[in-house]
Every structure is written in structure tokens, then in C-alpha cells.
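Spelled out from the first residue to the last, the chains are:
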Amino acid sequence: MKTKITELFEIEHPIIQGGMHYVGFAELAAAVSNAGGLGIITGLTQRTPENLAKEIARCREMTDKPFGVNLTFLPTVNTPDYPGFVDAIIKGGVKIVETAGSNPVEVMPYLKAAGIKVIHKCTSVRHSLKAQQIGCDAVSVDGFECGGHPGEDDVPNMILLPLAADALEIPFVASGGMADGRSLAAALAMGADGINMGTRFIATQEAPVHENVKQAILNATERDTRLIMRALRNTERVLNNSAVEKIVAKEKALGDKIKFEDIIEEVAGVYPRVMINGEVEAGAWSCGLVASLIHDIPTCDELVNRIVKDAEDIIRQRLMGLL
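Residues numbered from 1 in each chain as written. Predicted model: local features only at pLDDT ≥ 70, side-chain atom pairs only at ≥ 80, totals over all residues. Heavy atoms only, no water.

Naming follows an unreviewed UniProt entry, where the protein chain appears as Nitronate monooxygenase of Acinetobacter suaedae.

As C-alpha cells, then:
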């Protein structure tokens, strides 16, 4: 399957594994890239530029295919060493960067000067157009369904993707609600050039997270995610658990007066406990509505090839058969 995204990133299949905190390690990125997609190392999970440099080197030992690094610009308790991370990416020879969160305009000159292709995650058409304006090579359009930060507009992909297709000149992928061949075929039909998957890739054999996390995703229904931190304008879609219920109760009680400090116990520094130790009730962790469509834990190779085959079958058989 050839699209503008496969040509841009020189990959076989138009499937990208999005950056995920304490999930996007070298093992997963390499497995996705070896399967013909685009694997992504999550930069800030590495905590320091030195650690990221080591992770990039480790990934190179596992794959000779293209892979990228995610660099997210979001409000954090401690501001990361962004110049250091950019330097590690450039010196590591990485040629693809997925940016997310705030506008990456300040790092763009350094990335572009190094010949790096940039795909920016956006939750609206206006932000996608801005990404195009500042020189991003592609965008990942994140609908309201996505895990993590869906923005504040609440526009689902059935609306957002066609709007993006009408407005953008650069290629884009659909993110949020992407899980299988139906997702890929639908995304292509609405004008996208591929898909970005986060939650679906957590439930794979190579994802270096605790089995409890994978089972929690398999057990989830379409009613088991919650939106938190909306009053802080930092909305996040997470899997419901006891910690999330505490957050929701605090948000209801405090309303617009709530501060980050009020929920810091449930959201700050919980990812190692959840993803590594398997304490799935320890705090809030990102999960998309797509969890309800996940029913197995395949290898990345099995998953990517199944998605592409099923999408091709849908296009060739079901859709062509309707004409």
C-alpha cells in the first residue's frame, strides 16, 4: 500500500506508532518499524538527553528500518532540557521527529537544518494549518476519541478528517479510534494518508509494559474512559480506575477553582508504577476509546500486516463490490 506517508517516511505500510509515555521504548519502536510501519521512541520518557541518546543507539541495534522520536511540549512539573533532547536526536542520526503539545516552532530550524522530517500532532484544523505554515512535513490529526490529550474542541474524526483533507496541502494521518483494517480503510476514505495508533500498540507482545496494563485494555469497553483536567485546559482521556474516580470527585467538588496541586497525587509521576510495576489503579494513565475494539495481544508484525490485509480486503471486496 503506497500513500504520501509511506513515500515521505520511506516505510512499507502507512501505520505509525505514536509516542507514549513509558511505552515508546526501543523494543516497541523497533518492532513496529521491522513490521513495515514507523516506530517512535518517546523522548521525554528517557528523562535526560544522555538517556535518549542511549535509547536511540539501542533501537539502531534492533532495526535498520526508519524510526522516529517523539518530543512533546506540554506543561510539566519540571521543564525538560529541550535543547539537549534536540541535540541528542540530531547527533543520533534520527531523521523523523513526532512533535506534540505546544507549537514546536522554536525547535523547527534545528530539526530542518539537520534534514529531519517533522510530523506534528494536532487536535484541530487550525492547529494543523499552523503546523503546515511553520514547515512541518506532515500532521497527525487527533480526533476526540484519542487517548491522552484530545484538545478542547471535542471534534470526532468523522468530522475532523474530512475537514483536514479539505484544508491541508501536506499529508496527514488519522489518530484516535484507529485499531484495525476498518480504521485504515475509513481513514483513507476520508482523505488521510495513513493512521497513527497508540493504545492499540500497547496491547502487543513487544510493548514493554506490565501484563496488567495490557489486560486492563482488553477488559475495557467503550464506556470505560474518562476526561480529566478539563477545567485546567489540559484535558486528558484516561482509563477509568479508582484514582481517576478521585480526580473526577475533586473536579466536581472544586469546579473552576481546582488547581493542578489538588490532583498531583493522582497524576504526577504515576507512569512508572502503572506501566512498569503493573499498578493499574495507582493513577491516571492515557487510554483511547479504541480500547473497546482491542481483543488480543499479537506481535507488532502480526498486527500491522493484519491491518493492511484487512484494509485491502475491505477496499477490493466490500467497497468495490458495492459498485
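From this point, the narrative continues.
Caption draft 1: View of the layout of surface pockets. A volume near 230 Å³ is recorded for the second largest pocket. Every residue along the wall of the second largest pocket is listed here: Phe73, Tyr82, Pro83, Val86, Asp87, Ile90, Asn103, Pro104, Glu106, Val107 and Tyr110. Looking at which element gives the most residues to the lining of the second largest pocket, the answer is helix α4 (residues 82–91), with five residues. Among the residues forming the lining of the second largest pocket, the class breakdown is eight nonpolar, one polar and two charged. (1 Å grid on protein atoms, 1.4 Å probe; cavity = no way out; pocket = protein on both sides within 12 Å on 5 of 7 lines; lining within 4 Å. Points joined across faces, edges and corners; volume = space filled by probe spheres on them. Helix = DSSP H or I, 4+ residues; strand = E, 2+ residues; numbered from the N terminus. Nonpolar A, V, L, I, M, F, W, Y, C, P; charged D, E, K, R; others polar.)

Caption draft 2: A look at the packing of aromatic side chains. Per the stated rule, a full pass over the model turns up two aromatic pairs. With a centroid separation of 6.2 Å and 70° between ring planes, the pair formed by tyrosine 22 and phenylalanine 25 is classed as edge-to-face. Under the relative-accessibility criterion, tyrosine 22 is labelled buried at 8%. For phenylalanine 25, a relative accessible area of 14% gives the class buried. (Phe/Tyr/Trp six-rings, centres within 6.5 Å; stacked < 30°, edge-to-face > 60°. Buried < 20%, exposed > 50% of the residue type's maximum accessible area, 1.4 Å probe, protein only.)

Caption draft 3: Representation of the sheet that holds strand β4 (residues 96–101) in the model. Read from one edge of the open sheet, eight strands run β1-β8-β7-β6-β5-β4-β3-β2, paired in parallel fashion. The open sheet terminates on both sides in strands that have one partner only, identified here as β1 (15–17) and β2 (39–42). Put simply, the sheet's adjacent strands are angled 30° from each other on average, direction ignored. Bridge count between strand β5 (residues 117–122) and strand β6 (residues 138–142): four bridges; the pairing is parallel. From the neighbouring strand, cysteine 122 faces β6, where its bridge partner is valine 141. Packed on one face of the sheet, helix α3 (residues 49–62) meets β2 and β3 (67–73) and runs near 155° to β3. Set on the sheet, α4 makes contact with β3 and β4; between it and β3 the angle comes to about 170°. (Pairing = 2+ DSSP bridges. Axes fitted to C-alpha atoms, helices over the stretch in contact; angles between N-to-C directions. Contact = heavy atoms within 4.5 Å.)

Caption draft 4: How the structure looks around the nonpolar core. Core analysis: the biggest nonpolar cluster contains 83 residues, and Phe201, Val213, Ile217, Met275 and Trp285 have the highest contact counts within it. There are two domains that each give this core at least three residues, and those are domain 1 (4–208) and domain 2 (221–286). Excluding its chain neighbours within four sequence positions, the residues that come into contact with methionine 275 are His21, Tyr22, Val23, Pro208, Val209, His210, Val213 and Trp285. In this structure, Leu8, Ile11, Leu38 and Ala138 belong to the second largest nonpolar core, which totals 11 residues. (Core = buried A, V, L, I, M, F, W, Y, C linked by side-chain atoms within 4.5 Å. Domains from an automatic or database assignment.)

Caption draft 5: Inspection of the packing of helix α2 (residues 26–34) against α3 at higher detail. It is the contact of α2 with α3, at a shortest axis distance of 9 Å, that shows an interaxial angle of 40°. The two elements α2 and α3 cross, and the hand of that crossing is right-handed. Contact residues: Ala26, Glu27, Ala29, Ala30 and Asn34 in α2; Glu55, Arg58, Cys59 and Met62 in α3. Across the contact of α2 with α3, the residue classes break down as five nonpolar, one polar and three charged. (Left-handed = near helix turned anticlockwise from the far one by under 90°.)

Caption draft 6: Here's a closer look at the domain arrangement of the protein chain. Domains assigned within the protein chain are domain 1 (4–208) and domain 2 (221–286). Measuring from the centre of the C-alpha atoms in domain 1 to the corresponding centre in domain 2 gives 24 Å. Taken residue by residue, the interface counts 17 residues in domain 1 and 14 residues in domain 2. For the domain 1 and domain 2 pair, buried surface summed over both sides reaches about 1,300 Å², with 57% attributable to carbon and sulfur atoms. Summed over the three residues of domain 1 that lose the most area to domain 2, namely Tyr22, His149 and Glu152, the buried surface amounts to 39% of that side. One can count two salt bridges joining domain 1 with domain 2. (Buried area = accessible area lost by both parts, 1.4 Å probe. Salt bridge = Lys/Arg side-chain N within 4 Å of Asp/Glu carboxyl O.)

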